[in-house]
Structure formats: structure tokens, C-alpha cells
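# Structural characterization, general
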Amino acid sequence: MALNRDPHVLVVGGSDSSGGAGIARDIEMISSIGLRTCLAVTAVTVQTHQAVTAIHHLQPGLVADQMRAALRTNEVSAIKIGMLPAGRVILAVAAVLSENPRIPAVLDPVLASSSGRPLVEPNAIDVMKRDLMPLCRLVTPNLVELAVLTGSELAVSDEDVLRLGRRLLAAGPQALLIKGGHAAGARSTDILLSPNREPVRFDMPRLAGSMRGTGCMLASAIAAHLAKAKSLEDSVRAAKQRVFEKLMEASA
């Protein structure tokens, strides 16, 4: 029985000592939308805004125990999943999701840091696709992650994005939000793909400069709006607007 009846988002992911990404960004974003967070830490990283110098994995059983404790203690209305460094950790998270199928989960498949250092073991990617993605309400790859997850070259056109997105969707996710931040042009377009539905595009002005943690922020904001019982499309739209506002505030 949950002891805290306030709606919570359970954040599952890695720490970032710089505060620029990971669970620090997640908590900040979810709090700005008016919800509380509880945590399951999967890895501790040593990093600055420029580089990751060390990564320490937590044991899979400890990750699962953190998740179950958070779910027992709080009224968890959505789950946001970020860095999952190893296949055994992915399986542990999937086991807890299987125990709680009514709670929507948003997976941001963090495969590498902004500086390019891999954050997940190569053999874990197949485990993520097979055992975790089908349990998630939404998976939010950027274009680089989409290429890795499908074993393809980087998409360079809208047709490429849709082709690769549909290939990944066929592997089991309930829905995909393919982020356009790595594309070119004055506008950044994210594409929501769901089975048997036409693609839905979310178009926003592209902000100048390189910003860390934007993927964490967006997935967390979507999870927060799903926790408020909004539809998936409305959650994505509201999350996109909130992230854009936060980035504009930060760059002002």
C-alpha cells in the first residue's frame, strides 16, 4: 500500500555529477510540472560538461529493489527510464515493469554521453529491444540512437526516419517518438509513430548551440504529463512546449 498519495514519477537512471543530465535533470523537469519524484539509481558517473571519466554500475538486484521500494511507498503514476548500463540491469527493470503493467513507462534509450562515450554495453542493446521496449508506453530515440537500435546508417531524410522508425516499431515498442535534434535546418521536428496510425509531427524552432540533458528533460516531461492521465499525443505536445520554455529561460 502506497504511503504517499501525491502523484509521483519514478525515475530510473544514472547520476551525473555535473548536474547537466541524468536524474538531476529529470527531477528538475518533473518538479517544474508540479509532480514529485522517487528514484532508482542504475549507475553513478563521474563527469563534467565535457567528458565522462568513470562509470560505476549498480547491481541489478539493487536497482530492482529500489524500484519496488519506491512503488510500495508512493503513488507512482508514471515511470521514466534513462541510462541502463548492462543487460542484467535491463532485465531487472523489465521484471519490475512486468509486475506493474498499468503504470505507463517512458524509455529514453541513452546509449552514449554527449561527448560520445558509450553508456551501455554493446550486447545489452538487443536485450533492451527484446525484453524492455515492448513493456514501455513510449521509446524516445534521437537519430543517432535510432541508427544504432536498427543497425543502420544515420537517417538523412524524412523518408529514412520513417523507414527506420517503422522497423524499430515492429520490434515491439508500443510507440516511438523520434527526436529531430540531430537533424539540420531552422526547425526541429519530432515524429510520433504508433502502430496503425499516421505519423504525428511536432515542430519547434531549433535553438542555437549545444545543450546537454535535453533528451532527459523531454522524456521526463512526457512521463509527468502521462502521470496526469493525458493522452500520449497531448503529453508529447505539452512536454515539447515545457522543454522549449525551460531552454529559452536557460539561454536568456
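Conventions used here
- Residues numbered from 1 in each chain as written.
- Predicted model: local features only at pLDDT ≥ 70, side-chain atom pairs only at ≥ 80, totals over all residues.
- Heavy atoms only, no water.
- Salt bridge = Lys/Arg side-chain N within 4 Å of Asp/Glu carboxyl O.
- Helix = DSSP H or I, 4+ residues; strand = E, 2+ residues; numbered from the N terminus.
- Buried < 20%, exposed > 50% of the residue type's maximum accessible area, 1.4 Å probe, protein only.
- Pairing = 2+ DSSP bridges.
- Contact = heavy atoms within 4.5 Å.

### Remarks on the pattern of salt bridges
In total, this model carries 14 salt bridges according to the counting rule given. With a shortest N-O distance of 2.7 Å, E99 and R68 are connected by a salt bridge. With E99 in helix α3 (residues 87-99) and R68 in helix α2 (residues 60-73), this residue pair connects regions lying 31 residues apart in the sequence. Note on R68: relative accessible area 27%, which makes it partly exposed.

### Section: the pairing of strand β3 (residues 52-57)
Here five bridges tie strand β2 (residues 36-47) to β3, and the two strands are oriented antiparallel to one another. Bridging from a neighbouring strand, V44 pairs with H56 of β3. Counted along the chain from β2 to the antiparallel partner β3, the turn is four residues long.

### Notes on the environment of G19
Inspection of the secondary structure assignment puts G19 in the loop between β1 (4-16) and α1 (23-32). Taking the C-alpha atoms as reference, G19 lies 31 Å from L193; in sequence the two are 174 residues apart. With near-sequence residues (within four places) excluded, G19 lies in contact with A24 and R25.

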